[in-house]
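What follows is each chain in one-letter form.
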Amino acid sequence: MEVFYIKQELPINGQIKQSIVQVISEDGEKLGKMNTGEAIDLASNKGLDLVLVSPNSEVPVCKIMNYGKYKFEQAKREKESRKNQKAVEIKEVRVTPNIGDHDFEFKCKNARGFLESGNKVKFTVRFRGRELNNVKAGEVILNKFAEELEEISVIEKKPKLEGKTMFLILAKK
């Protein structure tokens, strides 16, 4: 069972402080300017609410509607739009500066799959011990990955050394 919480954002009925308002019926027809009390009575006779939709105009605009139903529909639309969004994940591919050709091709194939499914890929080169003396080798490896995947990706963050790791981030074109 789904539960929708209705939080009130627009002033309705007795919360409307303006004395004269422009009123729109539930069909979208303009009923003209009238006293707020009369407009509330008109709405309650129809079993609906008077909702202040535009308080900042010269004459505030109110609409006659079923506020609970309106908020429910709004919450449903919001939930539906969140469901259709896909969060972009960053997939990490870790390598060492002295990676073999077969390993390189395998990591490229995995990265290509990640990029095609809409994720970003972070290539990380880990330096251990004396490997830190030859940081250029790591940069060469990262540039080789970027070059290999350039037809489907774009470099989001250039190779950068942080501590003992160097990384590169690629995103789908």
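Above this text you will find the structure in question.
Residues numbered from 1 in each chain as written. Predicted model: local features only at pLDDT ≥ 70, side-chain atom pairs only at ≥ 80, totals over all residues. Heavy atoms only, no water.

The end-to-end C-alpha distance of helix 3 (residues 101-116), which contains 16 residues, comes to 22 Å, matching closely the 22 Å that a straight helix rising 1.5 Å per residue would cover. Within helix 3, the full set of buried residues consists of Phe104, Cys108, Ala111 and Leu115. End-on view of helix 3: buried residues confined to an arc of 70°, all on one side of the axis. Relative to its buried face, helix 3 has exposed residues pointing more than 90 degrees away, namely His102, Glu105 and Lys109. Buried residues in helix 3 make contact with strand 6 (120-126), helix 4 (135-148), strand 7 (153-162) and strand 8 (165-172). Note on helix 3: the residue one or two positions beyond its end, glycine 118, has a positive phi of about 95°. (Helix = DSSP H or I, 4+ residues; strand = E, 2+ residues; numbered from the N terminus. Expected span 1.5 Å × (residues − 1). Buried < 20%, exposed > 50% of the residue type's maximum accessible area, 1.4 Å probe, protein only. Arc of directions from axis to C-beta. Contact = heavy atoms within 4.5 Å.)

On to the pattern of salt bridges, then. On inspection of all chains with the given rule, the structure shows seven salt bridges. Ionic pairing is found between glutamate 89 and lysine 91, a salt bridge with its closest N-O pair at 3.7 Å. The salt bridge involving glutamate 92 is made with arginine 94; its shortest N-O contact spans 3.7 Å. (Salt bridge = Lys/Arg side-chain N within 4 Å of Asp/Glu carboxyl O.)

As summarised here, the arrangement of the four strands in space is 5-6-8-7, forming an open sheet in which the pairing is mixed. At either margin of the open sheet sits one strand with a lone partner, and together these are strand 5 (90-95) and strand 7. Sheet twist, expressed as the mean angle between neighbouring strand axes with direction ignored, is 20°. Taken together, the seven bridges between strand 7 and strand 8 define a ladder with antiparallel strand orientation. (Pairing = 2+ DSSP bridges. Axes fitted to C-alpha atoms, helices over the stretch in contact; angles between N-to-C directions.)

Judged by pairing direction, the sheet is mixed, and its four strands sit side by side in the order 2-1-4-3 without closing on themselves. Looking at the sheet topology across the chains shown, the edges are occupied by strand 2 (30-35) and strand 3 (49-54). The average undirected angle you get between the axes of adjacent strands in this sheet is 35°. The pairing of strand 1 (residues 20-24) with strand 4 (residues 61-65) spans three bridges and is classified as parallel.

Below, the discussion takes up the environment of lysine 122. Topologically, lysine 122 is positioned in strand 6. Its relative accessible area of 26% is what places lysine 122 among the partly exposed residues. Once the C-alpha coordinates of lysine 122 and arginine 94 are considered, the two residues, 28 residues apart in sequence, prove to be 8.3 Å apart. Dropping the residues within four chain positions of it, lysine 122 is found in contact with Ile90, Lys91, Glu92, Val93, Phe167, Leu168 and Ile169.

Further remarks concern a negative patch on the surface. Where like charges cluster on the molecular surface, the negative patch consists of Asp101, Asp103, Glu105, Glu147, Glu148 and Glu150. If you list the elements that add at least two residues to the negative patch, you get helix 3 and helix 4. No other element matches the three residues that helix 3 contributes to the negative patch. Looking at where aspartate 101 falls in the secondary structure, it is placed in helix 3. (Patch = residues over 30% accessible without salt bridge, like charges linked within 9 Å, V, L, I, M, F, W, Y side chains within 5 Å. Areas by Shrake-Rupley, 256 points an atom, 1.4 Å probe, with all protein chains shown as cover. Lys, Arg positive; Asp, Glu negative; His and termini not counted. Charge placed at Lys NZ, Arg CZ, Asp CG, Glu CD.)

Moving on: the pairing of strand 4. The element strand 4 is extensively covered by neighbouring structure, given that four of its five residues are classed as buried. Relative to strand 4, strand 3 runs antiparallel, the two sharing five bridges. Note on strand 4: the bridge partner recorded for aspartate 49 is methionine 65. Joining the antiparallel neighbours strand 3 and strand 4 is a turn of six residues.

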